[in-house]
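The primary structure of each chain is shown beneath.
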Amino acid sequence: MINLDANATTGMLPEVLEAMLPWLSGVQANPSGSYRTAKLARKAVDQAREQVADLIGAHPDEIIFTGSGTESVNTALNSLDKLTGEGRALVSAIEHSAVLRFVESRERAYDLSPVNQDGLINLEAFSELCKGAGYVSTMAANNETGMIQPLAEIINIAKENGLPVHSDAIQAAGKISISVRDLPVDVLSISAHKFHGPKGIGALYVRKGLEFAPLIFGGGQEKNRRSGTENVPAIVGMGMAAQLAKFYLEHDRKENIAAERDAFEDYLLANVPGCLRNGDPTHRLPNTSHLSFEGCDSAGMLILLDEAGVACAAGSACMTGKQKPSHVQLAMGIPESRAKTSLRFSFSRENRSGDTLVAAEKVRKCVEKLRNVQGSGIGPVAIYTS
């Protein structure tokens with residue numbers, strides 16, 4: 001199987017697993033204990049905290065370990081929701097469901113900041129909406145299209161209006177450089193399995209001095225900010241994954257991934273009639289390609305690609321048997337008919353260079369096969385780059 005679904009998850013690197021093994025099969029101590037092995041576990045957690053903080057330019061004391069990226073997001077929004085009082089919650093229209101479902105669940109009113117046809121937040125509209133807001137939450141990069149948002153500008157506008165800001169950086173961390181030293185964001189969420197760490201572990205950055213309300217209460221772990229016995233193996237794994245991600249970013253390894261993505265995408269745009277690229281081709285994650293294939297429903301493509309040995313994701317979700325267009329694409333103004341033909345291909349360091357064009361050719365053949373079955377007649381190649 002050629003895995004082109006890295007935005008869904010990435011495999012653990014060998015170094016990550018090696019770092020975790022002693023804590024999975026050897027030392028089983030609780031980091032809150034006072035005995036020798038407990039202190040070793042505490043030291044391992046503290047080291048991982050430093051590694052994660054280093055990835056995003058934070059101080060270790062500003063890092064809270066959580067059980068997932070979703071928990072990290074919900075913890076951040078819960079705190080802002082409780083502590084900001086009046087004003088509407090302001091989130092972008094293309095946020096992950098961890099954000100959207102949270103604000104929908106609360107009694108507090110909220111606004112959705114629109115995006116333009118390139119999938120980037122409309123700063124003028126955002127600025128207007130800030131005037132009636134209580135806090136802001138916006139992603140650093142979109143999980144579906146890979147569009148990197150103008151986060152610095154967003155934060156500056158929010159700060160001019162006296163608003164605290166949360167950013168869901170789960171898709172961005174480890175793929176592009178992010179430093180909270182340069183971005184005056186107040187809270188920021190990341191997740192280990194998006195950058196070759198283990199699943200079931202995330203982290204939340206909370207700016208030093210910011211008032212904070214925990215989501216989970218209990219034994220007072222994480223300095224009373226997130227109770228629950230620490231998952232030492234996963235935390236250690238996240239720390240090692242963060243260290244490796246920082247190394248690869250500093251040595252421009254992301255450029256290798258971008259080259260593979262571009263070769264894949266260029267082949268399809270040149271050889272598949274009716275293949276359309278969604279979003280701005282320059283302001284996006286180096287690993288993500290979001291394409292539509294005229295005359296091919298994404299559900300059918302996923303079945304054929306799975307049989308052909310290519311893993312990717314649909315640009316639209318299937319719920320209770322009814323295919324529904326992605327809220328991200330609809331927010332970009334993409335017609336529903338086109339949104340239902342979209343696929344997301346996302347690369348990682350696990351992809352071998354020889355797989356790229358093999359996968360692209362498999363996609364081309366699946367498009368051809370599905371169009372023959374569905375009787376779709378497609379004309380000359382059309383390339384949409386907005």
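Since this is a predicted model, take the numbers as computed values, not measurements.

Examining the confidence of the model for the protein
So, step 1. Averaged over the protein, the pLDDT score is 93; the fraction of residues at 70 or greater is 95%.
So, step 2. In this model, residues 316-321 is a region of pLDDT below 50 whose contacts with residues beyond four sequence positions or in other chains number 15 contacts.
So, step 3. Confidence drops under a pLDDT of 50 for residues 379-386, and excluding neighbours within four residues, the segment shows 27 contacts in the predicted structure.

Here we look at the packing of aromatic side chains
Aromatic ring pairs are defined here through the distance separating the ring centres and the angle between the ring planes.
So, step 1. Under the counting rule described, the total for this entry stands at 4 aromatic pairs.
So, step 2. Ring centres of F247 and Y248 lie 5.7 Å apart, and the angle between their planes is 75°; this geometry places the pair in the edge-to-face category.
So, step 3. Three or more aromatic residues joined by ring pairs form one cluster here, namely F264, F293, F345 and F347.

Regarding the pairing of strand 6 (residues 165-168)
So, step 1. Along strand 6, one buried face is formed by V165 and S167 and the opposite face, lined by H166 and D168, is buried too.
So, step 2. Across 2 bridges, the pairing between strand 5 (residues 133-137) and strand 6 is parallel. Bridging across to strand 6, V136 finds its partner in V165.
So, step 3. Handedness of the crossover joining strand 5 and strand 6 through helix 6 (residues 151-160): right-handed.
So, step 4. Pairing geometry for strand 6 and strand 7 (residues 187-191), over 3 bridges, is parallel. Across the sheet, the residue bridging to H166 is V187, located in strand 7.

Observations regarding unusual backbone geometry
Peptide bonds are mostly trans, and most non-glycine residues show a negative phi.
So, step 1. Not every positive phi belongs to a glycine, and K223 is a case in point at roughly 55°.
So, step 2. When its relative accessible area of 59% is taken as the criterion, K223 is described as exposed.

Description of the pairing of strand 4 (residues 110-113)
So, step 1. Alternating residues of strand 4 divide into D111 and S113, all buried, and Y110 and L112, none buried.
So, step 2. Pairing geometry for strand 3 (residues 88-92) and strand 4, over 4 bridges, is parallel. The residue bridging V91 from the neighbouring strand is L112, located in strand 4.

Some points on the environment of A152
So, step 1. Counting through the fold element by element, A152 comes out in helix 6.
So, step 2. We classify A152 as partly exposed; its relative accessible area is 36%.
So, step 3. Taking the C-alpha atoms as reference points, A152 and V185, 33 residues apart in sequence, are found 8.8 Å from one another.

Cut-offs used in this document
- Residues numbered from 1 in each chain as written.
- Predicted model: local features only at pLDDT ≥ 70, side-chain atom pairs only at ≥ 80, totals over all residues.
- Heavy atoms only, no water.
- pLDDT = per-residue confidence, 0-100.
- Contact = heavy atoms within 4.5 Å.
- Phe/Tyr/Trp six-rings, centres within 6.5 Å; stacked < 30°, edge-to-face > 60°.
- Buried < 20%, exposed > 50% of the residue type's maximum accessible area, 1.4 Å probe, protein only.
- Helix = DSSP H or I, 4+ residues; strand = E, 2+ residues; numbered from the N terminus.
- Pairing = 2+ DSSP bridges.
- Right-handed = clockwise from strand over helix to strand, strands pointing away.

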